[in-house]
Structure formats: C-alpha cells, structure tokens
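Listed below are the residues making up each chain.
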Amino acid sequence: LPANSPERKLFKKHLAASYNNIGFLAQNQGKPSWAIVNFGKSLKIQNEIGDQIGTASSLNNLGVIYQQKGEIPKALALYNISLKISETLQDTSAIAYSLNNLGILLLRQGKLPQALINFEKSLNFRKALNDKEGIATCLNNMALIYNIQGDEKRAIENFILANKFHEEIGNQ
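In this section: the overall build of the protein. Broken down by element type, the protein carries eight helices and zero strands. Sequence-ordered secondary structure for the protein, helices as α and strands as β, is α-α-α-α-α-α-α-α. Across its three principal directions, the C-alpha atoms of the protein cover 60 × 30 × 30 Å. Every one of the 172 residues in the protein was classed for burial, and the buried ones make up 42%. Pairs at least 24 residues apart make up 45% of the contacts formed inside the protein by residues separated by at least 6 positions. Accessible area for the protein stands at about 9600 Å²; split by element, carbon and sulfur atoms hold 55% of it. Measuring between centres, the 19 positive side-chain charges of the protein sit 8 Å from its 14 negative side-chain charges.

Below you can see the structure in the form of structure tokens.
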C-alpha cells in the first residue's frame, strides 16, 4: 500500500487498536511493563497518523498503568494531556473518563476536595451522555469521598442512587 493512502492509514489505525487491546490484556494479567510497551506502540502509530482520539485514549490508558505502579507524577501528566486533547476535540465521553481517572488519583492522594470536583464534572458529562454505568461509577466514587469525610447521609444517598443505575443496566 502507498505510504499516504487512506487504506494504509486505516490499516495503521487498526494496528494501533490491536496494540491497545494487547495492552489491556497485559494490564488484566498483571503485566504492567508489557502493557506499557503495547500502549506505547499504539500511541506512536496514533501520533504518526494523526489519530487524536486514539492518542487521548492511549495516554489515558498509560496513565492508569503508571498510577497502578505508583508513578503518580507521570500518571497525572498523562491524564492531563489526555484531558486537554479530549477537550480540544470536544469528546465528552473521553473527557468524562479522564476526569474520573484524575479523581481516582486525587482520591488516593487524599486530595478529597479536588477529587470530588473531578467526579462531579465527570458526572455532569455522563448525565449529558445518558451513560448510566458512568453515572453509577461517579456516584460511587463521590460516596466514597463523603464516607471518608464522615458525611454518612450523603454517602448513603449516593450509594443508593448508584445502585439504582446499576440495577437499570443489569449490573447486580
């Protein structure tokens, strides 16, 4: 295939998706180094072909791995770059994922007010998308914060509401 042909670009986009899938499998098998290699290969191809949506996704995926490895500054940088790209593209689903991941990172650092802000922003995007699973995830995350802060009433309200969304989509 010619180097700049649409067919070649499509092939590379699918190749990048395959590397991304291998990265997920490696992550699920507890092989973070192998996940990083494959997410990195995916990211390189996505940058090469100008796939900004894929680039934002791969950066977010890499952020998750680095967060799991305890490399918080690197994870934070990757999440923020992913968020900026997603905002530029106005990709509300990707924005919601990035905000949620940032919230989780901040929660684990004990930065509860900042985490809550990210979860609330993510929740607003998820509501606009009618993403019931995402809504439930955000509500659960917010309930965790309220529980840590000793606000049991708000924690229980959020857990109950999250459970309603889980039941609606069949997650039991």
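That shown, we press on.
Take a nonpolar patch on the surface next. A surface patch of nonpolar side chains, amounting to about 260 Å² of accessible area, comprises Ile22, Trp34 and Val37. Looking at the element boundaries, Trp34 is found in helix H2 (residues 32-49). We classify Trp34 as partly exposed; its relative accessible area is 46%.

Moving on, we come to the packing of aromatic side chains. Tallied over the entire structure, the rule returns one aromatic pair. Between Phe24 and Phe39, the aromatic rings sit 5.5 Å apart at their centres with planes inclined by 80 degrees, giving edge-to-face as the arrangement. A residue pair is termed long-range when its members are at least 10 positions apart, and Phe24 in helix H1 (residues 6-28) and Phe39 in helix H2 qualify at 15 residues.

Before going further, it helps to spend a moment on the environment of Ile156. Mapped onto the fold, Ile156 is located in helix H8 (residues 152-168). Using a relative accessible area of 47% as the deciding quantity, one classes Ile156 as partly exposed. Measuring from C-alpha to C-alpha, the distance between Ile156 and Asn140 comes to 9.6 Å, with 16 residues separating the pair along the chain.

This part is about the packing of helix H5 (residues 92-108) against helix H6 (residues 112-129). Running from amino to carboxyl end, H5 crosses H6 at an angle of 160 degrees, the nearest separation of the two axes being 8 Å. For the element pair H5 / H6, the angle class is roughly antiparallel. In the packing of H5 onto H6, the handedness of the crossing is left-handed. Across the interface between the two elements, Thr92, Ser93, Ile95, Ala96, Tyr97, Leu99, Asn100, Leu102, Gly103, Ile104, Leu106 and Leu107 from H5 touch Leu112, Gln114, Ala115, Asn118, Phe119, Lys121, Ser122, Phe125, Arg126 and Leu129 from H6. Classifying every residue of the contact of H5 with H6 gives 13 nonpolar, seven polar and two charged.

On the secondary structure map, Gln29 appears in the loop between H1 and H2. Between the alpha carbons of Gln29 and Glu120 there is a distance of 31 Å; along the sequence they are 91 residues apart. One polar contact links Gln29 to Lys31, side chain to side chain, over a distance of 3.5 Å.

Leaving glycine aside, a negative phi is the common case for residues, and trans is the common case for peptide bonds. The phi dihedral of Gln90 is positive, around 55 degrees, even though this residue is not glycine. Tracing the sequence through the fold places Gln90 in the loop between helix H4 (72-89) and H5. Notably, Asn130 is not glycine yet its phi reads approximately 55 degrees, a positive angle. Locating Asn130 in the fold gives a position in the loop between H6 and helix H7 (132-148). On the accessibility criterion, Asn130 (52% relative accessible area) is exposed.

Looking at soluble globular proteins, one finds that nonpolar side chains tend to be buried together. Judged by nonpolar contacts, the single largest core of 19 residues is most densely connected at Leu62 and Tyr66. Elements that contribute at least two residues to this core include exactly H2, helix H3 (52-68), H4 and H5. With residues up to four places along the chain from it excluded, the contact list for Leu62 reads Ile36, Phe39, Gly40, Leu43 and Leu78. Judged by nonpolar contacts, the second largest core, of 17 residues, contains Leu123, Tyr146, Ala162 and Phe165.

Thresholds, definitions, all that
- Residues numbered from 1 in each chain as written.
- Predicted model: local features only at pLDDT ≥ 70, side-chain atom pairs only at ≥ 80, totals over all residues.
- Heavy atoms only, no water.
- Helix = DSSP H or I, 4+ residues; strand = E, 2+ residues; numbered from the N terminus.
- Buried < 20%, exposed > 50% of the residue type's maximum accessible area, 1.4 Å probe, protein only.
- Contact = heavy atoms within 4.5 Å.
- Areas by Shrake-Rupley, 256 points an atom, 1.4 Å probe, with all protein chains shown as cover.
- Lys, Arg positive; Asp, Glu negative; His and termini not counted.
- Charge placed at Lys NZ, Arg CZ, Asp CG, Glu CD.
- Patch = residues over 30% accessible without salt bridge, like charges linked within 9 Å, V, L, I, M, F, W, Y side chains within 5 Å.
- Salt bridge = Lys/Arg side-chain N within 4 Å of Asp/Glu carboxyl O.
- Phe/Tyr/Trp six-rings, centres within 6.5 Å; stacked < 30°, edge-to-face > 60°.
- Axes fitted to C-alpha atoms, helices over the stretch in contact; angles between N-to-C directions.
- Parallel < 35°, antiparallel > 145°, perpendicular 65-115°, else oblique.
- Left-handed = near helix turned anticlockwise from the far one by under 90°.
- Nonpolar A, V, L, I, M, F, W, Y, C, P; charged D, E, K, R; others polar.
- Polar contact = N/O pair within 3.5 Å; in protein donor to acceptor, adjacent residues only side chain to side chain.
- Core = buried A, V, L, I, M, F, W, Y, C linked by side-chain atoms within 4.5 Å.

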